[in-house]
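Each chain, letter by letter, is given below.
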Amino acid sequence: VLTEEYVLKNISTLLKFMKECNICLRWIILHTSELPIGADINKKCKQMLQLVINDAQYNPSEVFKLLLNTAQFEFNLKEV
């Protein structure tokens, strides 16, 4: 799909999509990571972490697949 002609016609849309993928990945990884040593005793921190994990339907393998797909997309886009 990423032919040279298609990329040239839609470069701004593709770059915006790539940026949104990276923002989404960064957010989900940051907000679902383990709590720091002092925060794990704070009940509110635990509740917020659990809320994010539940609402996002967090699945580590799916996040890893998204990371790999995003990296592959970036690589292919840069190669074209």
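Whatever comes next refers back to the structure up there.
Engineer: Sorry if this is basic, but what is going on with the side chain of threonine 32 here?
Structural biologist: Checked against the element boundaries, threonine 32 lands in helix α2 (residues 11-32). Polar side-chain contacts of threonine 32 include one of 2.5 Å to the backbone oxygen of isoleucine 28. Contact partners of threonine 32, with chain neighbours within four places excluded, come to Leu49, Val52, Ile53 and Tyr58.

Engineer: I keep staring at the pattern of salt bridges and nothing clicks. Help me out?
Structural biologist: Here the idea is simple: oppositely charged side chains can pair when their charged atoms come close. Counted by the stated rule, this structure contains two salt bridges. Between lysine 78 and glutamate 74 there is a salt bridge, with the nearest N and O atoms lying 4.0 Å from each other. Of the two residues, lysine 78 and glutamate 74 are both situated in helix α4 (residues 60-79); the distance of four residues between them amounts to about one turn of the helix.

Engineer: Teacher, can you tell me more about unusual backbone geometry here?
Structural biologist: Most peptide bonds take the trans form, and the phi angle of most residues other than glycine is negative. Its identity as a non-glycine residue notwithstanding, glutamine 57 has a phi of 50 degrees, on the positive side. Topologically, glutamine 57 is positioned in the loop between α3 (43-55) and α4. On the basis of relative accessibility, which here comes to 68%, the residue glutamine 57 falls in the exposed class.

Engineer: Just to check I follow, could you spell out α3 for this structure?
Structural biologist: Because an α-helix completes one turn every 3.6 residues, residues spaced three or four positions apart along the sequence face the same direction. Compared with an ideal rise of 1.5 Å per residue, which puts 13 residues at 18 Å, α3 spans 18 Å between its outermost C-alpha atoms and is within 8% of the ideal. Residue asparagine 42 occupies the N-cap position of α3, its side-chain oxygen lying 2.9 Å from the main-chain nitrogen of lysine 44. At the C-terminal side of α3, glutamine 57 shows a positive phi close to 50 degrees.

Engineer: Help me understand the side chain of threonine 70 in this model?
Structural biologist: By the secondary structure assignment, threonine 70 is in helix α4. On the accessibility criterion, threonine 70 (4% relative accessible area) is buried.

Rules of the game
- Residues numbered from 1 in each chain as written.
- Predicted model: local features only at pLDDT ≥ 70, side-chain atom pairs only at ≥ 80, totals over all residues.
- Heavy atoms only, no water.
- Helix = DSSP H or I, 4+ residues; strand = E, 2+ residues; numbered from the N terminus.
- Polar contact = N/O pair within 3.5 Å; in protein donor to acceptor, adjacent residues only side chain to side chain.
- Contact = heavy atoms within 4.5 Å.
- Salt bridge = Lys/Arg side-chain N within 4 Å of Asp/Glu carboxyl O.
- Buried < 20%, exposed > 50% of the residue type's maximum accessible area, 1.4 Å probe, protein only.
- Expected span 1.5 Å × (residues − 1).

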